[in-house]
Every structure is written in C-alpha cells, then in structure tokens.
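# Observations on the model geometry
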Amino acid sequence: MSDAAKRAAGRAGAELVDSGMRLGLGSGSTVEHLLLAIAERKLDVAGVPTSTATAARCRELGIELLEPDEVDRLDLAIDGADELDRQLTATKGGGAALLREKVVANMADRFVLIATEDKLVDRLADTFPLPVEVVPFAVGPVGRELTARGFEVSRRRVAGGEPLVTDNHNAILDVRWPGGLDDPAVTDVAISLIPGVMCCGLFVGFAEQALLGRAVGEVTRVGPST
Ligand code: 5RP
C-alpha cells in the first residue's frame, strides 16, 4: 500500500492528540507518520515508546519519552497493525515489537489502530502470519507444541539468516492457521498459556477504533458503530 495511505492514517492519528497527553507510541512505518505529525504540531506531550526504534526516532524529533514505571496510566496509545478484522482484533508484531506494544496498549485508557485499508481482513492469520514472542530457552518446545496443535510455524530470521532477537532478547515464531482463525480470543489465550511464550501478537479487546488510510489520502474510520 502506498506511503500516502500510511501518511493519511498517521496524520489522522495525530489529530486525536492534545497537548498535555501522556501517550503510548507504537512502532512501524505508519507510526513514523504519526510521530512526524506530532512533532510538526509542536504538541506538549510525552510518551512511552514501544520499541528502541521508536524511542530513537522520538529523540530525533524532540518528543519527550517516559519509562513505563514513571506513569500510572496513558491517555491514549496509537499503534500500527499487520492485520485487523471488523471486531478491531489486530495481529501485531511484524516489526517484532509486539510485547512492548501489548504492555503499552494495556496501560492506555484508549487504544487506536492506524493502518492502511488493505490490512482489514475477514479472518486473521491466514495470509499474514501471527507473531509469537518466545524466550530463547523455549523456542524448540513451543514450536513443537504449536505444530502439534495444527499451526504452520517458522522462526523469524534477519536478512543474513541469523535468528531475529527482539528488544527483550527473545525469539519470534511466526505462525499461520490455514484458512484463518475461527476465534482469535480463544487462540490468544491458548497460545499465551504455553510455557515459554512471552506474548501472542493477537490484540483482542484493546482497540476502540481503527483509522484506515486509503491510497487517495483519505481515511476510513472503523469502530463499534461502523
Ligand atoms: C511492529 C508492529 C507494527 O505496528 C506493524 O508491523 C505495522 O507496521 P507498518 O505500519 O510498518 O505496516 O506491530 O511490531
């Protein structure tokens, strides 16, 4: 999807931000447009970043950073998505930041997704794989357990072929469910309960709305009433 669509979604997200807010700042290329718009508007905000990459970008743009233990609640968290459905369940972690993204989403009074319209799907985890963050010790056992339950599993690697290491020093297993998930909420709990799993990339019940950018630069809002 075009950069114009990402830009439209990112800028629409920034319109929800007011001076004085404490923010959750997501990760990814759509969030890049959000950060640029926040910096451009010179809003007096501070935010908890969801990745070392977002933290570095905020420093460059002059956006004040907060540690998660410095703040009880966040007014608003805004983040990208790899896929989402009409119930606003999202898969996240394409950039390997899912664990911190879920911690931050859970700290926020409001959680809004910004994405391009092509990411809206009928069933999650069919085409785009669902990321699962796993402690290194448990990669083998968790992978075998997921395979035994019917998932197609692959360990994420970086360009040179080495296993990817997350900001939290963990591994990522990308899993697919041919045909897509029947019940993402059940899958989220089932995967999260496997010993060694740190985070399942399904975000169920977090988002209040999604702002979906279109190639022409317009935004479609998806929420409870749409
Ligand atoms: C990172 C994420 C991102 O929010 C997700 O991958 C979307 O990224 P982009 O806006 O670049 O498509 O979950 O872990």
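On a predicted model such as this, the values are computed, not experimentally measured, just so you know.

### Thoughts on the domain arrangement of the protein chain
According to the domain assignment, the protein chain contains domain 1 (3-121 + 204-221) and domain 2 (130-201). Just the C-alpha atoms count here: the centres of domain 1 and domain 2 sit 23 Å apart. Facing the 16 residues of domain 1 at the interface are 18 residues of domain 2. Both faces combined, the contact of domain 1 with domain 2 buries some 1200 Å², and carbon together with sulfur accounts for 57% of it. When the buried surface of domain 1 facing domain 2 is broken down by residue, Leu98, Leu99 and Lys102 rank first, second and third, together holding 41% of it. The interface formed by domain 1 and domain 2 holds one salt bridge in total. Taken together, domain 1 and domain 2 are joined by eight residue pairs in polar contact (both at pLDDT 80 or more). Of all the elements in the fold, those that place two or more residues in the side of domain 1 that touches domain 2 are β6 (90-91) and α4 (98-107).

### With respect to the site of the ligand
Around the ligand, the structure places 16 residues, and the nearest of them are Ser29, Thr30, Asp82, Gly93 and Lys119. Starting from 380 Å² of accessible surface for the ligand in isolation, the protein chains cover 91%. Residue classes in the shell around the ligand are distributed as three nonpolar, eight polar and five charged.

### Concerning the environment of Ala9
Relative to the assigned elements, Ala9 resides in helix α1 (residues 3-14). Classification of Ala9 by relative accessible area gives buried; the value is 0%. On a C-alpha basis, the gap between Ala9 and Leu146 in space is 34 Å, while along the polypeptide they are 137 residues apart. In this structure, Ala9 is in contact with Thr30, Ile114, Ala115, Leu211, Gly213 and Val219, ignoring residues within four places of it in sequence.

### Quick look at the sheet that holds β6
A sheet is described by the order of its strands in space; here three strands give the open sequence β5-β6-β12, paired in antiparallel fashion. Here the strands that pair on one side only, and so sit at the sheet edges, are β5 (83-84) and β12 (202-203). Taken together, the two bridges between β5 and β6 define a ladder with antiparallel strand orientation. If you follow Glu83 over to β6, its bridge partner there is Thr91.

### A short note on the pattern of salt bridges
Summed over the entire model, instances satisfying the criterion amount to 13 salt bridges. Between Arg214 and Glu117 there is a salt bridge, and its shortest N-O distance comes to 4.0 Å. Of the two residues, Arg214 is situated in the loop between β13 (209-213) and β14 (219-222) and Glu117 in the loop between β7 (111-116) and β8 (130-134); the sequence distance between them amounts to 97 residues. Glu117 sits in the partly exposed class, given a relative accessible area of 35%.

### Remarks on the packing of α1 against helix α2 (residues 29-40)
Remark: α1 packs on α2, axes separated minimally by 7 Å, with the N-to-C direction vectors making an angle of 50°. Our classification of the angle between α1 and α2 gives oblique. Seen along the crossing, α1 lies across α2 with a hand that is right-handed. For the pair α1 and α2, the contacting residues are Asp3, Lys6, Arg7, Ala9, Gly10, Arg11, Gly13 and Ala14 in the first and Ser29, Thr30, His33, Leu34, Ala37, Ile38 and Glu40 in the second. Split into classes, the residues belonging to the contact of α1 with α2 amount to five nonpolar, five polar and five charged.

### A short note on the nonpolar core
Proteins that are soluble and globular tend to have nonpolar side chains buried together. Ranked by size, the top nonpolar core spans 23 residues in total, and within it Val17, Leu23, Ile38 and Leu76 carry the most contacts. Going through the elements one at a time, α1, β1 (22-25), α2, β4 (76-79) and β7 are the ones with two or more residues in this core. Considering each element in turn, this core owes the most residues, six residues, to α2. Non-local contacts of Ile38, meaning those with residues more than four positions away in its chain, are made with Ala14, Val17, Leu23, Leu25, Leu43, Val45 and Ile63. In this structure, Ala81, Leu84, Ala105 and Ala207 belong to the second largest nonpolar core, which totals 22 residues.

Analysis parameters
Residues numbered from 1 in each chain as written. Predicted model: local features only at pLDDT ≥ 70, side-chain atom pairs only at ≥ 80, totals over all residues. Heavy atoms only, no water. Domains from an automatic or database assignment. Contact = heavy atoms within 4.5 Å. Buried area = accessible area lost by both parts, 1.4 Å probe. Salt bridge = Lys/Arg side-chain N within 4 Å of Asp/Glu carboxyl O. Polar contact = N/O pair within 3.5 Å; in protein donor to acceptor, adjacent residues only side chain to side chain. Helix = DSSP H or I, 4+ residues; strand = E, 2+ residues; numbered from the N terminus. Near = heavy atom within 4 Å. Areas by Shrake-Rupley, 256 points an atom, 1.4 Å probe, with all protein chains shown as cover. Nonpolar A, V, L, I, M, F, W, Y, C, P; charged D, E, K, R; others polar. Buried < 20%, exposed > 50% of the residue type's maximum accessible area, 1.4 Å probe, protein only. Pairing = 2+ DSSP bridges. Axes fitted to C-alpha atoms, helices over the stretch in contact; angles between N-to-C directions. Parallel < 35°, antiparallel > 145°, perpendicular 65-115°, else oblique. Left-handed = near helix turned anticlockwise from the far one by under 90°. Core = buried A, V, L, I, M, F, W, Y, C linked by side-chain atoms within 4.5 Å.

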